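The primary structure of each chain is shown beneath.
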Amino acid sequence: MKTQKLTPTRLLSGLLLCGVLVMPLVVRITEGKYLYTMLFDLDWFIDFFQHVERFFITDNVYYTDQDACFPALAYCFYYIFYLPLKAENIADYSDLDTSASGVYLIVMYTAIFFVLLVMGLNVLLKSKEDVTKNILVFSLCMSYPVALAVERGNMTMYVLLLMLFAFVFRESENKVLREMALIFIALAAALKLYPAVLGFLYLGEKKYKETLRLVLYGILCFFLPFAFFGGVNGFIQFLHNISEVGERISGVTIAGMVCRVLGQSATSVLIGKIVAALYLCVTIFLVFTMKKRDWRYVALLTSQMMVFIPESGSYCLLYWMIPLVLFCNRETFDKMDFVHAVLFALIFAFPAFESTGSAVLRYVFLYIQILIIVVELVGFYFNKSNERKEK
């Protein structure tokens, strides 16, 4: 029987599977406390029900509190889930998460996500090895970022799906599907704003017509739904809310990590925001100046959704799934790709420990991987510059 050569993709799939298989053992060792450690709280799908319950207070959700900070398209989405809950005549909207309709809706919300996630991963993954492909899909569905997003019921689940299918369609030979990719990115940006950074991917590829249409779709998807939530006044209140929330600092973003190192202060926050802005500039520079395209460019743009926004939660690690899949689709690998495979596995499958928290170590691995990618691309840029000078 012929021995199969170890590739980064096979190594990654094996490590991810090991992470899944270790989970029951860790649950036994911790006497069931591991789930709480991994998810940091069990809050009854708070990011889902918290936004749905705002409709029980007022039709214009932006006037409920500052946490009503999603674009209007997101609240159009939540409104659909509000209607059956309203029909149930629940006396106390704080009981939504334990009502019959509430439980049914969150189950369907999650089930639809997993069905579409499996479909998207199966199509986007180009591996010809069915076993490796199936292990990757299964392990990613069982990974920490997915578990956290599901426990929160966070909108990142559906933003990921839109981005995932956008990458499925963007290289299609079918013009309609390529146009759907633009619409999906526009919809993702209209739900969570920061997927708009993927527009730089089209600009960097000098696809100016596609970029223009993407901007047009984005404007329509973002602004039109505000007609249902107070129009101009609702939009102004949305800006107020998002500016208030934007003052918060998550402990895992660039600003948050700087505050961890330097201590919590206004100066540390400012330094963190400056470092984040510099990283964004480096990302845009590399996307615009490098002709060779691979998964690393997508990784740098995707990373902005996880580390640039100061308030981003650790469930945003979910977005790192896209560069992981594109990494696995490479036809040729080098030795450094084995390092990337290990880092991807550590981010998605490393067990959570109470002493370190569920996310901090994962973000340390993420920042190490980002640093390696930046060094690789900067080195590639200077090598090309030197070659041009010699010619």
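No experiment lies behind these values; they were computed from the predicted model shown.

Rules and cut-offs
Residues numbered from 1 in each chain as written. Predicted model: local features only at pLDDT ≥ 70, side-chain atom pairs only at ≥ 80, totals over all residues. Heavy atoms only, no water. Helix = DSSP H or I, 4+ residues; strand = E, 2+ residues; numbered from the N terminus. Buried < 20%, exposed > 50% of the residue type's maximum accessible area, 1.4 Å probe, protein only. Contact = heavy atoms within 4.5 Å. Areas by Shrake-Rupley, 256 points an atom, 1.4 Å probe, with all protein chains shown as cover. Core = buried A, V, L, I, M, F, W, Y, C linked by side-chain atoms within 4.5 Å. Expected span 1.5 Å × (residues − 1). Phe/Tyr/Trp six-rings, centres within 6.5 Å; stacked < 30°, edge-to-face > 60°. Lys NZ or Arg CZ within 6 Å of the ring centre and 35° of its normal.

**Topic: the overall build of the protein**
Then, in step 1: Each helix and strand in the protein was counted, giving 19 helices and 0 strands.
Then, in step 2: Out of the 391 residues in the protein, the part that is buried amounts to 50%.
Then, in step 3: By sequence separation, contacts in the protein at least 24 residues apart represent 72% of the contacts at least 6 residues apart.
Then, in step 4: Approximately 18,900 Å² of the protein is accessible, and the part contributed by carbon and sulfur atoms is 67%.

**Examining the nonpolar core**
Then, in step 1: L12, W320 and Y363 are the most contacted members of the largest nonpolar core, which totals 119 residues.
Then, in step 2: Excluding anything up to four places from it in sequence, Y363 contacts V252, M257, M306, V307, G313, S314, C316 and L317.

**Looking at helix α6 (residues 100-124)**
Then, in step 1: In this model, α6 (25 residues) spans 36 Å end to end at C-alpha, consistent with the 36 Å of a helix rising 1.5 Å per residue.
Then, in step 2: For α6, the complete set of buried residues consists of S101, G102, L105, I106, Y109, T110, F113, L117, G120, L121 and L124.
Then, in step 3: Lining the buried residues of α6 we find α3 (46-52), α5 (72-87), α7 (130-141), α8 (144-152), α9 (156-169) and α17 (321-328).

**What about unusual backbone geometry?**
As a rule of thumb, non-glycine residues mostly have phi less than zero, and peptide bonds are mostly trans rather than cis.
Then, in step 1: Although it is not a glycine, L193 adopts a positive phi angle of roughly 70°.
Then, in step 2: Relative to the elements of secondary structure, L193 occurs in the loop between α10 (175-192) and α11 (199-204).
Then, in step 3: Residues other than glycine seldom take positive phi values, yet K206 does so here, at roughly 60°.
Then, in step 4: Structurally, K206 can be placed in the loop between α11 and α12 (208-223).
Then, in step 5: Given the relative accessible area of 59%, K206 is considered exposed.

**Focus: the packing of aromatic side chains**
Then, in step 1: For the structure on display, the rule yields 45 aromatic pairs.
Then, in step 2: When the ring of F70 is compared with that of Y75, the centres are 6.3 Å apart and the planes differ by 40°; the resulting orientation is tilted. No difference in accessibility class separates F70 from Y75, as the two residues are buried.
Then, in step 3: Judged by centre distance (5.5 Å) and plane angle (65°), the rings of F222 and F226 are edge-to-face. We note that F222, like F226, is buried.
Then, in step 4: It is R170 that lies over the ring of Y202; its NZ or CZ is 4.9 Å from the centre.

Remember that the coordinates give geometry; whether it matters functionally is a separate question.
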